[in-house]
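Structural overview for review
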2 protein chains.
Amino acid sequence: MNRSGSTKERILAAAETLFAQRGFDGASLRQLTSDAGVNLAAVNYHFGSKEKLVEQVFRRRLDTLNAQRLAALARVAGQPETRLEDVLDAFIRPALELSHEDSGSLFMRVLARAFAEHDDSLRKFLSENYGHVMRQFTAEFARLLPQLSKEELYWRIDLVTGALTHAMSGFGMIQRKSDVSERTHREQTVAHLTRFAAAGLRAGA
Amino acid sequence: MNRSGSTKERILAAAETLFAQRGFDGASLRQLTSDAGVNLAAVNYHFGSKEKLVEQVFRRRLDTLNAQRLAALARVAGQPETRLEDVLDAFIRPALELSHEDSGSLFMRVLARAFAEHDDSLRKFLSENYGHVMRQFTAEFARLLPQLSKEELYWRIDLVTGALTHAMSGFGMIQRKSDVSERTHREQTVAHLTRFAAAGLRAGA
DNA sequence: GTCTATACTCTGATAGAC
DNA sequence: GTCTATCAGAGTATAGAC
């Protein structure tokens, strides 16, 4: 039972952990509130419903993550010497850094699960709140890949998204070996993802 | 209410439809058995549990799908003139053909959802029953990409799997235009997926 | 405002009559 | 093989204590 922080914060922390471990449906509010050391009804009082709680778990992390992505994008967007790999790096690296924090790795599992589950209301929430991030990246991809039609570009970005989501979910084969430092492993992972995605985006060019 | 076929078959058909529409947790056995025109308890009598019913919904389609994949692979595996694109085609085309059948498209959504949800028991079932298919394809990829280390090959196949799963789930941007025939659209989709995946697999080669 | 106790409906599962 | 009745556990809503 976690007794540090406010009731809301304790619920959010317990929810992130439990959602990552058991999924959104698998995590019951009774278990969750018990872990957080709060009353069952506190979830509905503070968040309105389990679904809204899920959204807040996302917002807490994604606001930071996407701000970092846009800051990284701003450093390379529109520059004449920018390579495709630089844009992919701006998108991938913040997510991977988050996934290697203590509790961040749990969150990346939650995030990948959410993208994957195709829950319409959750996707709508993500699209409404963070769609502008994807649009900015798409515009820069379009600048660097002028030979692709709009349809082809959307298609390939969609495939890249699928690959990245899958890889970041933690269920891939990416595993750090004991003789490789955390930092080195992360750099290798970024390099792997970036190389694959860049080649796919450039296919046939 | 569907009244054709045996009780088991009516349950399986109703389950495939409802799982695709609402997900595994979102589809209640009460709704499902009502749609099938059978008693609530019939699911547990015929299948043992909701989870086993899910497995049978998969087995009914995957046995055929993976047999087609292996047959297509056998036609190109080990041949000196085989290209990477031929192997990818053998993997992708059967899935896309299934996804364009009347009820098959529903199943592809169910399948993508299952891969995505990271449900451990379901993944274990899929791995135990169809892992040999992935192993045969991996062996052929290894033959055609000898410059890749084992680790790199597994990595890239994992990324390809993520991209394809995402695309086939029906939530991508793939939409047939009214002036394109169903068959033409499918061919375009296969071509798109194959080109992207082949470029990603060959990256840096 | 914050929190708790409690009850209501719906879920999957199961025992036992037929 | 099928159905009814029933169960424990789920999310949710609310009255009322502090």
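Residues numbered from 1 in each chain as written. Chains lettered and ligands numbered in written order. Predicted model: local features only at pLDDT ≥ 70, side-chain atom pairs only at ≥ 80, totals over all residues. Heavy atoms only, no water.

Under the annotation held in an unreviewed UniProt entry, chain A carries the name TetR/AcrR family transcriptional regulator and is attributed to Rhodanobacter humi.

Thoughts on the overall build of chain A
Helix and strand counts for chain A come out as 9 helices and 0 strands. Reading chain A from its N terminus to its C terminus gives the helix and strand order α-α-α-α-α-α-α-α-α. The buried share of chain A, reckoned over its 205 residues, is 50%. Counted over contacts in chain A with a minimum sequence separation of 6, partners at least 24 positions apart contribute 74%. For chain A, the computed accessible surface area is about 9,900 Å², with 48% contributed by carbon and sulfur atoms. (Helix = DSSP H or I, 4+ residues; strand = E, 2+ residues; numbered from the N terminus. Buried < 20%, exposed > 50% of the residue type's maximum accessible area, 1.4 Å probe, protein only. Contact = heavy atoms within 4.5 Å. Areas by Shrake-Rupley, 256 points an atom, 1.4 Å probe, with all protein chains shown as cover.)

Some details on helix H5 (residues 84-99) of chain B
All names here are of chain B. The end-to-end C-alpha separation of H5 is 23 Å, in line with the 22 Å expected for 16 residues at 1.5 Å each. Its axis deflected by about 30 degrees at Ala90, H5 carries its strongest bend there, up to four residues before the proline Pro94. When you tally the buried positions in H5, you get 12 out of 16 residues, the bulk of the element. All of the buried residues along H5 are Leu84, Glu85, Val87, Leu88, Ala90, Phe91, Ile92, Pro94, Ala95, Leu96, Leu98 and Ser99. (Expected span 1.5 Å × (residues − 1). Bend = angle between axes of the 7 residues up to and from the residue.)

Quick look at the packing of aromatic side chains
Counted under the stated rule, the structure contains 8 aromatic pairs over all chains. Seen from their ring centres, Phe125 of chain A and Tyr130 of chain A are 6.5 Å apart, and the 80 degrees between their planes marks the pair as edge-to-face. Take Phe125 of chain A and Tyr130 of chain A: they sit in the same class, and that class is buried. Centroid distance Phe196 of chain A to Phe196 of chain B: 6.2 Å. Interplanar angle 85 degrees. Geometry classified as edge-to-face. In this pair, Phe196 of chain A is assigned in helix H9 (residues 182-202) and Phe196 of chain B in helix H9 (residues 182-202), connecting two distinct chains. (Phe/Tyr/Trp six-rings, centres within 6.5 Å; stacked < 30°, edge-to-face > 60°.)

With respect to the protein's contact with DNA strand C
Lining the immediate environment of DNA strand C, one finds 14 residues, of which Thr7 and His46 of chain A together with Leu29, Arg30 and Lys50 of chain B sit closest. Take the atoms of DNA strand C that sit within 4 Å of the protein: sugar and phosphate atoms are 52% of them. Between Ser28 of chain B and DNA strand C, the recorded distance is 3.4 Å, taken from a side-chain N or O atom to a phosphate oxygen. For the surface near DNA strand C, the elements supplying multiple residues, two or more each, are helix H3 (42-47) of chain A together with helix H2 (29-36) and helix H3 (41-47) of chain B. (Near = heavy atom within 4 Å. Polar contact = N/O pair within 3.5 Å; in protein donor to acceptor, adjacent residues only side chain to side chain.)

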